[in-house]
Amino acid sequence: MWAVLRSSNPLKFRGLSVVVSRVCCAKSEIFSNNLEANSAIYESSQVPSVRCLFYHTEANFSKFYILSQSMSSQAGAESSESEDLEDGFSELETPASVDSNEESSAVDGNEDELVSEPELSDDGGEHSAMELLDTEADTGEKASSKKKLASELFRAIVNAPGLSIHGVLDKWVEEGKDLGRAEISLVMIDLRKRRMFGRALQLSEWLEANNRQDFVERDYASRVDLIAKVRGLHKAENYIEKIPKSLRGEVIYRTLLANCVAASNVKKAEEVFNKIKDLQFPITTFACNQLLLLYKRVDKKKIADVLLLMEKENVKPSLFSYKILIDVKGQSNDLTGMDQIVETMKGEGIKPDVDTQAIIARHYASGGLTEKAEAILKEMEGGNLKEHRWACRALLPLYASLGKADEVGRIWKVCESSPRLEECIAAIEAWGRLKKVDEAEAVFDRMLTTWKKLSSRHYAALLKVYANHKMLGKGKDLVKQMSDSGCRIGPLTWDALVKLYVQAGEVEKADSILQKAAQQNQLKPMFSSYLAIMDQYAKKGDVHNAEKMFHRMKQVGYVARLRQFQTLLQAYVNAKAPAYGMRERMKADNLFPTKGLAAQLAQVDAFRKTPVSDLLD
């Protein structure tokens, strides 16, 4: 089955055995971006003293070998060069959204615990291992009463003033209200859905400090996850040492691994993955998917390595594994290879879900295969869109990407009578892409009349439309409206504001907004906010400010990526200025130049030889 996925041009491996390297070597760069920071430390001439994650093997390549060969089939192709440095998250890495009812949206505006980038998680059920508490299976009136009580506790926690919810919890217990595992589990899930990780962490700490619950491994795993999100990876690692050894199992380390991947911290992720192997825990599909996600972002060449590891460890790929591979193929414009992976997946009895179909359709559309894209979209509709309502959210932006305004209108008409928040956001995005600002505003107005309170994420959708159309005045008015409504302004709003001013040509103003936001709040601005400004400085050849943005990103905790170095080097290229020690800087961040970056480095090499310099010498 894996034979299909490794198709034609082999891939150059770093850190595999000589046998694998020789067999798979040649052009190499297609698959190198975003797998999922696990712990794959590779042997390399550039990294002499690290341990190889994938133990050398000279046999049993069969299906996985061919799969990984397919994944490397376009390595080094010029058409994929830009993809090697792409740093944005693809839609498959974005967590599934919460059901958009009125109650959930009312609290969604609390951005105080919002993290800056989407969680990278396996959406195939494995992620439940990172969820907090086991949920008791209640039915009927008992389940209904528990949900009602949990909802009441949730509202009390959300509305608690200040930075501590301990007073609310103390009062809850004093009043004799129930605080069982089922209620706590429901509250925790609700807090996580709204990304209110700080309050969820306070709840977990209070439960343990007051002996209100006997912690099991998943409770500790939940704590590790929350600490990593709120206080950082180092604090989470320290906490793990305090967990009773008998409860320090694989789920604890996989949780830390997923957070390393979310932070794009390759070195730490690889360390954690090696730790899992050293402790002789089983290598799971979840852990391998994390690696795939990480390397999809930072080093696609290593994807083939992970596939070989999966075969060696007899780890079966999941639907999510295939989603990653399909997306990587699509990003490289190898649509034939993408089709082969889809057929392989189906041959294994795994049926593409709506999200997978959306990924395939998106790549068909970007590759100019309009008819194939439309065929997938009709398949997603299932012949009766009302019965396949869940597909509308994906269909709206996809039809917009094909320029099909009539189809966007048809899909929105199905939703319009009783819209869901996610559908509204998708419709705003779709109309904005079609340059129909009035229609996007009409959808937003419908949201305002349907729900009592919108979150910053909902305002940001329209704000991005204004940014893309350089409508600075309307953007400012919308931000004022947002503030007047009592909506908390956080990273999503800052990101939209930054891009609004950048598109309007006011880069310095965008820079000022971002700097003030970072100084006045404890929240970390989004990676894309910094990059949007840095890109503009690079275009101007403004080396000083490009370097400043690079430094500020590190200061707030973003691990250096190839994308940042690409932008920084472009600033030097446009300034026609030499860049000293850039290779050493990259090496210090455990990054190694791709073909495109190597060309940029050559352009700014202060010591490079030219015909003129040879004559002068």
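Residues numbered from 1 in each chain as written. Predicted model: local features only at pLDDT ≥ 70, side-chain atom pairs only at ≥ 80, totals over all residues. Heavy atoms only, no water.

A.B. asks: Please give an account of the overall build of the protein that cites residues and values.
C.D. replies: Assigned secondary structure in the protein consists of 32 helices and 1 strand. By the burial criterion, 55% of the 617 residues in the protein qualify as buried. Sequence-distant contacts, at least 24 apart, represent 74% of the contacts inside the protein between residues at least 6 apart. In the structure as shown, the protein presents an accessible area of about 26,500 Å², 49% of it carried by carbon and sulfur atoms. (Helix = DSSP H or I, 4+ residues; strand = E, 2+ residues; numbered from the N terminus. Buried < 20%, exposed > 50% of the residue type's maximum accessible area, 1.4 Å probe, protein only. Contact = heavy atoms within 4.5 Å. Areas by Shrake-Rupley, 256 points an atom, 1.4 Å probe, with all protein chains shown as cover.)

A.B. asks: Can you lay out the confidence of the model for the protein for me, pointing to particular residues and giving the numbers?
C.D. replies: Taken residue by residue, the protein gives an average pLDDT of 76. The fraction at 70 or more is 73%. Under a pLDDT of 50 for its full length, residues 1-66 has, in the predicted model, 283 contacts with residues more than four places off or in other chains. Considering only residues more than four positions removed or in separate chains, one finds that residues 612-617, a stretch of pLDDT under 50, has 3 contacts. (pLDDT = per-residue confidence, 0-100.)

A.B. asks: Before we move on, can you summarise helix H23 (residues 456-468) with the specific residues and values?
C.D. replies: In this model, H23 (13 residues) spans 18 Å end to end at C-alpha, consistent with the 18 Å of a helix rising 1.5 Å per residue. Burial within H23 is extensive, with 10 of its 13 residues counted as buried. Among the residues making up H23, those that are buried are Ser456, His458, Tyr459, Ala460, Ala461, Leu462, Leu463, Val465, Tyr466 and Ala467. Just beyond H23, the residue with positive phi is Lys470, at close to 55°. (Expected span 1.5 Å × (residues − 1).)

A.B. asks: How would you summarise the packing of helix H19 (residues 392-401) against helix H20 (residues 405-416) if you had to cite specific residues and measurements?
C.D. replies: Running from N to C, H19 and H20 point in directions that differ by 160°, and their axes come no closer than 8 Å. By the angle between their directions, the pair H19 and H20 is classed as roughly antiparallel. H20 is crossed by H19, and the crossing has left-handed handedness. Contacts from Cys392, Leu395, Leu396, Tyr399 and Ala400 in H19 reach Glu407, Val408, Arg410, Ile411, Trp412, Val414 and Cys415 in H20. (Axes fitted to C-alpha atoms, helices over the stretch in contact; angles between N-to-C directions. Parallel < 35°, antiparallel > 145°, perpendicular 65-115°, else oblique. Left-handed = near helix turned anticlockwise from the far one by under 90°.)

A.B. asks: Any chance you could break down the nonpolar core for me, citing the residues and the numbers?
C.D. replies: With 164 residues, the main nonpolar core has Leu191, Leu203, Ile252, Met380, Ile428, Met447 and Ile533 as its most contacted residues. The residues touching Ile428, leaving out its near neighbours within four places in the chain, are Ala440, Val443, Phe444, Met447, Ala461, Leu462 and Val465. (Core = buried A, V, L, I, M, F, W, Y, C linked by side-chain atoms within 4.5 Å.)

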